[in-house]
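# Summary of the model geometry
Okay, here's what each chain looks like letter by letter:
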Amino acid sequence: MKKPDVRGFFDPITATWSYVVYADGETDTRCAIIDSVLDYDIYSSRVKTESADRIIDFIKKKGLEVEWILETHIHADHLTGSAYIKEKLDGKTAISKHILKVLKTWEPLFHNEEDTPLNGSQFDHIFEDDEIFTVGPFEARIIYTPGHTPSDTSYLIGDAVFVGDAMFLPDVGTGRCDFPDGSAEDSYRSSRKLFKLPESYRMYVGHDYPPKGTRSPECMTSIAEQKHRNIRVHEGISKEDYVTKRNNDDKGKAVPKLLLPSIQVNLRAGKFGKKMDGVQYIKLPIDKI
Ligand SMILES: [Fe+2]
(Lines give C-alpha, C1' and ligand atoms only; values in the text may rest on other atoms or scores of the structure.)
Protein backbone atom coordinates (compact mmCIF):
# COMPACT_ATOMS: atom_id res chain seq x y z
CA MET A 1 0.00 0.00 0.00
CA LYS A 2 1.32 3.43 -0.94
CA LYS A 3 2.34 5.69 1.95
CA PRO A 4 0.99 9.22 2.24
CA ASP A 5 3.03 11.98 0.65
CA VAL A 6 3.57 14.85 3.05
CA ARG A 7 4.60 18.40 2.17
CA GLY A 8 5.56 20.65 5.09
CA PHE A 9 5.36 24.46 5.05
CA PHE A 10 7.34 26.37 7.67
CA ASP A 11 6.34 29.78 8.97
CA PRO A 12 9.53 31.30 10.43
CA ILE A 13 7.65 34.03 12.35
CA THR A 14 5.77 31.56 14.57
CA ALA A 15 8.02 28.51 13.94
CA THR A 16 4.90 26.61 12.86
CA TRP A 17 4.84 23.64 10.51
CA SER A 18 1.71 23.22 8.37
CA TYR A 19 1.18 20.13 6.25
CA VAL A 20 -0.55 18.87 3.14
CA VAL A 21 -1.10 15.10 3.17
CA TYR A 22 -1.87 13.57 -0.21
CA ALA A 23 -1.26 10.69 -2.61
CA ASP A 24 1.09 11.96 -5.31
CA GLY A 25 0.28 10.86 -8.83
CA GLU A 26 -2.78 8.82 -7.80
CA THR A 27 -6.24 9.15 -9.28
CA ASP A 28 -7.62 9.88 -5.81
CA THR A 29 -6.62 13.54 -5.47
CA ARG A 30 -8.23 14.23 -2.07
CA CYS A 31 -5.92 15.69 0.54
CA ALA A 32 -5.82 17.03 4.10
CA ILE A 33 -4.33 20.28 5.34
CA ILE A 34 -3.10 20.26 8.94
CA ASP A 35 -2.50 23.34 11.14
CA SER A 36 -2.44 26.11 8.55
CA VAL A 37 -1.34 29.65 9.43
CA LEU A 38 -2.89 33.06 8.78
CA ASP A 39 -0.19 35.73 9.09
CA TYR A 40 -1.08 38.40 11.63
CA ASP A 41 1.09 41.33 12.65
CA ILE A 42 0.06 42.41 16.12
CA TYR A 43 1.71 45.85 15.93
CA SER A 44 -0.18 47.03 12.85
CA SER A 45 -3.10 44.60 13.40
CA ARG A 46 -2.80 43.60 9.76
CA VAL A 47 -3.60 40.23 8.28
CA LYS A 48 -1.65 38.73 5.40
CA THR A 49 -2.24 35.47 3.62
CA GLU A 50 1.23 34.58 2.35
CA SER A 51 1.56 31.41 4.44
CA ALA A 52 -1.91 30.15 3.50
CA ASP A 53 -1.38 31.16 -0.15
CA ARG A 54 1.76 29.00 -0.35
CA ILE A 55 -0.40 26.00 0.62
CA ILE A 56 -3.15 27.01 -1.80
CA ASP A 57 -0.65 27.38 -4.67
CA PHE A 58 0.82 23.95 -3.92
CA ILE A 59 -2.63 22.33 -3.90
CA LYS A 60 -3.59 24.00 -7.18
CA LYS A 61 -0.31 23.03 -8.85
CA LYS A 62 -0.70 19.42 -7.76
CA GLY A 63 -4.36 19.37 -8.85
CA LEU A 64 -5.51 18.25 -5.38
CA GLU A 65 -8.97 18.48 -3.88
CA VAL A 66 -9.17 19.56 -0.23
CA GLU A 67 -11.09 17.00 1.78
CA TRP A 68 -10.12 18.04 5.31
CA ILE A 69 -8.79 21.17 6.99
CA LEU A 70 -7.61 19.80 10.35
CA GLU A 71 -6.44 21.41 13.58
CA THR A 72 -4.42 19.47 16.14
CA HIS A 73 -5.55 21.93 18.85
CA ILE A 74 -6.54 25.52 19.57
CA HIS A 75 -3.23 27.25 18.96
CA ALA A 76 -2.18 30.08 21.24
CA ASP A 77 0.71 31.41 19.18
CA HIS A 78 -0.70 31.80 15.68
CA LEU A 79 -4.00 32.28 13.89
CA THR A 80 -5.25 29.38 11.80
CA GLY A 81 -5.65 29.90 8.07
CA SER A 82 -8.50 27.38 7.95
CA ALA A 83 -11.39 29.79 7.23
CA TYR A 84 -9.41 31.56 4.51
CA ILE A 85 -8.39 28.26 2.87
CA LYS A 86 -11.93 26.89 3.10
CA GLU A 87 -13.22 30.01 1.37
CA LYS A 88 -10.71 29.53 -1.48
CA LEU A 89 -10.67 25.75 -1.86
CA ASP A 90 -13.54 24.23 0.14
CA GLY A 91 -12.97 21.23 2.42
CA LYS A 92 -14.29 20.34 5.87
CA THR A 93 -12.81 22.05 8.92
CA ALA A 94 -12.41 19.62 11.84
CA ILE A 95 -11.03 19.33 15.35
CA SER A 96 -11.35 17.01 18.35
CA LYS A 97 -14.44 17.09 20.57
CA HIS A 98 -12.16 18.27 23.39
CA ILE A 99 -12.37 21.75 21.92
CA LEU A 100 -15.63 22.01 23.90
CA LYS A 101 -13.59 22.24 27.12
CA VAL A 102 -11.45 25.00 25.64
CA LEU A 103 -14.56 26.90 24.52
CA LYS A 104 -15.97 26.69 28.04
CA THR A 105 -12.74 28.04 29.53
CA TRP A 106 -12.37 31.04 27.25
CA GLU A 107 -15.97 32.02 26.51
CA PRO A 108 -16.43 33.98 29.77
CA LEU A 109 -13.39 36.08 28.84
CA PHE A 110 -14.41 36.97 25.29
CA HIS A 111 -18.25 36.94 25.49
CA ASN A 112 -18.33 35.78 21.89
CA GLU A 113 -21.10 33.20 22.14
CA GLU A 114 -23.06 34.92 19.40
CA ASP A 115 -20.50 33.91 16.76
CA THR A 116 -18.52 31.25 18.65
CA PRO A 117 -21.02 28.51 19.60
CA LEU A 118 -20.12 26.48 22.68
CA ASN A 119 -21.19 23.27 20.90
CA GLY A 120 -18.40 23.57 18.33
CA SER A 121 -20.78 23.87 15.37
CA GLN A 122 -18.47 26.48 13.82
CA PHE A 123 -16.42 23.45 12.70
CA ASP A 124 -17.78 21.18 9.97
CA HIS A 125 -16.82 18.07 11.91
CA ILE A 126 -15.98 17.28 15.53
CA PHE A 127 -13.93 14.09 15.99
CA GLU A 128 -14.56 11.52 18.70
CA ASP A 129 -11.52 9.92 20.35
CA ASP A 130 -10.21 7.00 18.24
CA GLU A 131 -12.52 7.94 15.37
CA ILE A 132 -11.59 6.29 12.10
CA PHE A 133 -11.81 8.34 8.92
CA THR A 134 -10.09 8.56 5.56
CA VAL A 135 -7.87 11.06 3.77
CA GLY A 136 -8.11 10.27 0.07
CA PRO A 137 -7.03 6.61 -0.24
CA PHE A 138 -5.52 6.45 3.26
CA GLU A 139 -7.06 5.17 6.46
CA ALA A 140 -6.78 7.66 9.30
CA ARG A 141 -7.42 7.64 13.05
CA ILE A 142 -7.73 10.11 15.89
CA ILE A 143 -5.35 9.68 18.84
CA TYR A 144 -6.24 11.92 21.78
CA THR A 145 -2.94 13.35 23.08
CA PRO A 146 -3.67 16.06 25.70
CA GLY A 147 -1.13 17.76 27.93
CA HIS A 148 -0.05 20.90 26.07
CA THR A 149 -3.75 21.82 26.03
CA PRO A 150 -6.82 19.68 26.81
CA SER A 151 -7.80 19.70 23.10
CA ASP A 152 -4.58 18.28 21.65
CA THR A 153 -5.22 15.50 19.20
CA SER A 154 -2.91 13.62 16.88
CA TYR A 155 -3.92 12.51 13.41
CA LEU A 156 -2.59 9.15 12.26
CA ILE A 157 -2.79 8.99 8.46
CA GLY A 158 -1.33 5.81 6.97
CA ASP A 159 2.12 5.51 8.60
CA ALA A 160 2.41 9.22 9.43
CA VAL A 161 1.27 10.73 12.72
CA PHE A 162 0.79 14.49 13.06
CA VAL A 163 1.18 15.34 16.72
CA GLY A 164 0.86 19.13 16.87
CA ASP A 165 2.58 20.25 20.09
CA ALA A 166 2.22 16.96 21.99
CA MET A 167 5.84 16.23 21.09
CA PHE A 168 8.59 18.15 19.31
CA LEU A 169 11.69 16.80 17.56
CA PRO A 170 14.01 14.69 19.74
CA ASP A 171 16.42 17.54 20.55
CA VAL A 172 13.56 19.91 21.46
CA GLY A 173 11.25 17.74 23.59
CA THR A 174 7.55 18.45 24.19
CA GLY A 175 5.14 21.39 24.16
CA ARG A 176 4.71 23.57 27.23
CA CYS A 177 1.96 22.42 29.58
CA ASP A 178 1.09 25.64 31.43
CA PHE A 179 -1.98 26.75 29.46
CA PRO A 180 -5.41 26.43 31.15
CA ASP A 181 -6.11 22.73 31.81
CA GLY A 182 -2.73 21.78 30.36
CA SER A 183 -1.10 18.93 32.29
CA ALA A 184 2.43 17.56 32.32
CA GLU A 185 1.01 14.20 33.56
CA ASP A 186 -1.29 14.06 30.52
CA SER A 187 1.59 15.06 28.27
CA TYR A 188 3.67 12.13 29.56
CA ARG A 189 0.76 9.72 29.10
CA SER A 190 0.26 11.03 25.56
CA SER A 191 3.90 10.33 24.71
CA ARG A 192 3.44 6.73 25.89
CA LYS A 193 0.32 6.40 23.75
CA LEU A 194 2.29 7.55 20.69
CA PHE A 195 5.15 5.17 21.54
CA LYS A 196 2.73 2.26 21.04
CA LEU A 197 2.74 2.97 17.29
CA PRO A 198 5.17 0.92 15.16
CA GLU A 199 8.74 2.23 15.50
CA SER A 200 9.09 2.84 11.76
CA TYR A 201 6.12 5.23 11.66
CA ARG A 202 6.87 8.84 10.75
CA MET A 203 6.10 11.59 13.25
CA TYR A 204 5.48 15.18 12.10
CA VAL A 205 5.60 18.00 14.67
CA GLY A 206 3.60 21.24 14.88
CA HIS A 207 6.57 23.53 15.57
CA ASP A 208 10.32 23.37 15.49
CA TYR A 209 12.60 25.46 17.68
CA PRO A 210 16.09 24.16 16.84
CA PRO A 211 18.57 24.61 19.69
CA LYS A 212 20.73 27.68 18.85
CA GLY A 213 23.38 27.12 16.20
CA THR A 214 22.64 23.43 15.72
CA ARG A 215 20.54 22.94 12.60
CA SER A 216 17.79 24.48 10.45
CA PRO A 217 14.10 23.83 11.16
CA GLU A 218 12.96 20.27 10.42
CA CYS A 219 9.58 18.63 10.76
CA MET A 220 9.88 14.85 10.73
CA THR A 221 11.26 12.12 12.93
CA SER A 222 10.20 8.53 13.71
CA ILE A 223 8.59 6.82 16.68
CA ALA A 224 11.89 4.93 17.21
CA GLU A 225 13.90 8.16 17.29
CA GLN A 226 11.51 9.70 19.79
CA LYS A 227 11.57 6.63 22.01
CA HIS A 228 15.35 6.58 22.09
CA ARG A 229 16.36 10.22 21.82
CA ASN A 230 13.62 12.66 22.86
CA ILE A 231 15.37 14.77 25.50
CA ARG A 232 12.29 15.07 27.68
CA VAL A 233 10.26 11.90 27.26
CA HIS A 234 12.49 9.15 25.88
CA GLU A 235 11.95 5.65 27.20
CA GLY A 236 13.48 5.29 30.62
CA ILE A 237 12.44 8.73 31.88
CA SER A 238 9.91 8.29 34.68
CA LYS A 239 6.63 10.17 34.79
CA GLU A 240 7.67 11.85 38.05
CA ASP A 241 10.96 13.14 36.60
CA TYR A 242 9.27 14.36 33.44
CA VAL A 243 6.48 16.15 35.29
CA THR A 244 8.84 17.86 37.73
CA LYS A 245 11.15 19.12 34.99
CA ARG A 246 8.32 20.13 32.64
CA ASN A 247 6.55 22.10 35.38
CA ASN A 248 9.76 23.75 36.57
CA ASP A 249 10.70 24.78 33.04
CA ASP A 250 7.21 26.16 32.37
CA LYS A 251 7.21 28.29 35.53
CA GLY A 252 7.19 32.01 34.68
CA LYS A 253 7.16 31.40 30.89
CA ALA A 254 6.04 34.43 28.88
CA VAL A 255 2.50 34.55 27.48
CA PRO A 256 2.72 33.99 23.70
CA LYS A 257 2.55 37.33 21.89
CA LEU A 258 -0.49 36.31 19.82
CA LEU A 259 -2.37 34.40 22.54
CA LEU A 260 -5.45 36.63 22.79
CA PRO A 261 -5.96 37.17 19.04
CA SER A 262 -5.19 33.51 18.32
CA ILE A 263 -7.53 31.92 20.82
CA GLN A 264 -10.59 33.93 19.84
CA VAL A 265 -10.07 33.45 16.08
CA ASN A 266 -9.10 29.78 16.36
CA LEU A 267 -12.13 28.97 18.53
CA ARG A 268 -14.19 30.38 15.66
CA ALA A 269 -12.55 27.97 13.19
CA GLY A 270 -10.45 30.81 11.77
CA LYS A 271 -13.14 33.45 11.38
CA PHE A 272 -12.82 36.95 12.83
CA GLY A 273 -16.47 37.18 13.92
CA LYS A 274 -18.97 39.99 13.71
CA LYS A 275 -17.90 43.32 12.26
CA MET A 276 -19.07 46.68 13.60
CA ASP A 277 -19.98 49.22 10.93
CA GLY A 278 -17.91 47.23 8.46
CA VAL A 279 -14.81 47.26 10.68
CA GLN A 280 -13.27 44.05 11.98
CA TYR A 281 -12.08 44.07 15.59
CA ILE A 282 -10.24 41.74 17.89
CA LYS A 283 -10.96 41.77 21.62
CA LEU A 284 -8.10 42.33 24.05
CA PRO A 285 -9.36 41.95 27.62
CA ILE A 286 -7.32 43.94 30.12
CA ASP A 287 -5.70 42.39 33.21
CA LYS A 288 -7.38 39.02 32.72
CA ILE A 289 -4.60 36.59 31.95
FE1 LIG B 1 0.23 25.01 20.56
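Quick summary incoming for the structure in this document.

Thresholds applied
Residues numbered from 1 in each chain as written. Predicted model: local features only at pLDDT ≥ 70, side-chain atom pairs only at ≥ 80, totals over all residues. Heavy atoms only, no water. Helix = DSSP H or I, 4+ residues; strand = E, 2+ residues; numbered from the N terminus. Buried < 20%, exposed > 50% of the residue type's maximum accessible area, 1.4 Å probe, protein only. Contact = heavy atoms within 4.5 Å. Areas by Shrake-Rupley, 256 points an atom, 1.4 Å probe, with all protein chains shown as cover. Lys, Arg positive; Asp, Glu negative; His and termini not counted. Charge placed at Lys NZ, Arg CZ, Asp CG, Glu CD. Core = buried A, V, L, I, M, F, W, Y, C linked by side-chain atoms within 4.5 Å. Pairing = 2+ DSSP bridges. Right-handed = clockwise from strand over helix to strand, strands pointing away. Axes fitted to C-alpha atoms, helices over the stretch in contact; angles between N-to-C directions. Donors = N, O, S within 2.8 Å, 3.2 Å for Na, K, Ca; no water. Parallel < 35°, antiparallel > 145°, perpendicular 65-115°, else oblique. Left-handed = near helix turned anticlockwise from the far one by under 90°. Patch = residues over 30% accessible without salt bridge, like charges linked within 9 Å, V, L, I, M, F, W, Y side chains within 5 Å. Salt bridge = Lys/Arg side-chain N within 4 Å of Asp/Glu carboxyl O.

### Comments concerning the overall build of the protein
- Summing up its helical and strand segments, the protein has seven helices and 14 strands in all.
- Across the 289 residues of the protein, 55% fall into the buried class.
- Within the protein, contacts between residues separated by at least 24 positions form 67% of all contacts whose residues are at least 6 apart in sequence.
- A total accessible area of about 13,300 Å² is found for the protein, and carbon and sulfur atoms account for 51% of it.
- Of the side-chain charges in the protein, 40 are positive and 46 negative, and the distance between the mean point of each set is 2 Å.

### Thoughts on the nonpolar core
- The biggest cluster of nonpolar side chains holds 23 residues, and the ones touching the most others in it are Trp68, Leu70, Phe127, Phe133, Ile157 and Phe162.
- Put simply, the parts of the chain that give this core at least two residues each are β2 (16-22), β3 (30-34), β6 (65-70), β9 (132-135), β10 (138-144), β11 (153-157) and β12 (160-162).
- Here Phe127 is in contact with Trp68, Leu70, Ala94, Ile95, Ser96, Lys97, Phe133, Ile142 and Tyr155, once residues within four sequence places are set aside.

### Here we look at the pairing of strand β7 (residues 92-96)
- Among the five residues that make up β7, four are buried, leaving the element largely enclosed by the rest of the structure.
- Of the strand pairs in this sheet, β6 and β7 are connected by three bridges, and their pairing is parallel. Looking across to β7, one finds that Ile69 is bridged to Thr93.
- Note that the unit made of β6, helix α2 (residues 82-89) and β7 has a crossover that is right-handed.
- Two strands pair when backbone bridges link them, and β7 and strand β8 (residues 125-127) are joined in this way by three bridges, in the parallel orientation. Note on β8: the bridge partner recorded for Ala94 is His125.

### Looking at the sheet that holds β8
- Pairing is mixed in the open sheet, where six strands are placed in the order β1-β2-β3-β6-β7-β8. The open sheet is flanked by β1 (5-11) and β8, the only strands paired with a single partner. On average, each strand axis in the sheet is tilted by 25° relative to the strand beside it, whichever way the strands run.
- In the packing of helix α1 (residues 50-62) onto the sheet, the strands contacted are β1, β2, β3 and β6, and the crossing angle to β1 comes to about 155°.
- Contacts between α2 and the sheet are confined to β3, β6 and β7, with β6 contributing the most and set at about 165° to the helix.

### Notes on the coordination of the iron ion
- Here the iron ion is held by the protein donor atoms His73 (NE2), His148 (NE2) and Asp165 (OD), which lie 2.0 to 2.4 Å from it.
- For the iron ion, the single-chain donor residues occur in sequence as H-x74-H-x16-D. Here Asp165 lies in the loop between β12 and α4 (184-195) and His148 lies in the loop between β10 and β11, a separation of 17 residues in the sequence. As far as the burial class goes, His148 and Asp165 line up, both buried.

### Let's talk about unusual backbone geometry
- One non-glycine residue with positive phi stands out, namely His111, at about 50°.
- Relative to the elements of secondary structure, His111 occurs in the loop between α3 (99-110) and β8.

### What about the packing of α4 against helix α6 (residues 239-250)?
- It is the contact of α4 with α6, at a shortest axis distance of 9 Å, that shows an interaxial angle of 130°. Here α4 lies oblique to α6, going by the angle between them. Note on packing geometry: the crossing formed by α4 with α6 is right-handed. Listed contacts from α6 to Ala184, Glu185, Ser187, Tyr188 and Arg189 of α4 are Lys239, Tyr242, Val243, Arg246 and Asn247.

### Looking at a nonpolar patch on the surface
- Residues Met276, Val279 and Tyr281 make up a contiguous nonpolar surface patch of roughly 320 Å² in combined accessible area.
- Tracing the backbone through its elements, the reader meets Met276 in the segment after α7 (259-266).
- Classification of Met276 as exposed rests on a relative accessible area of 56%.

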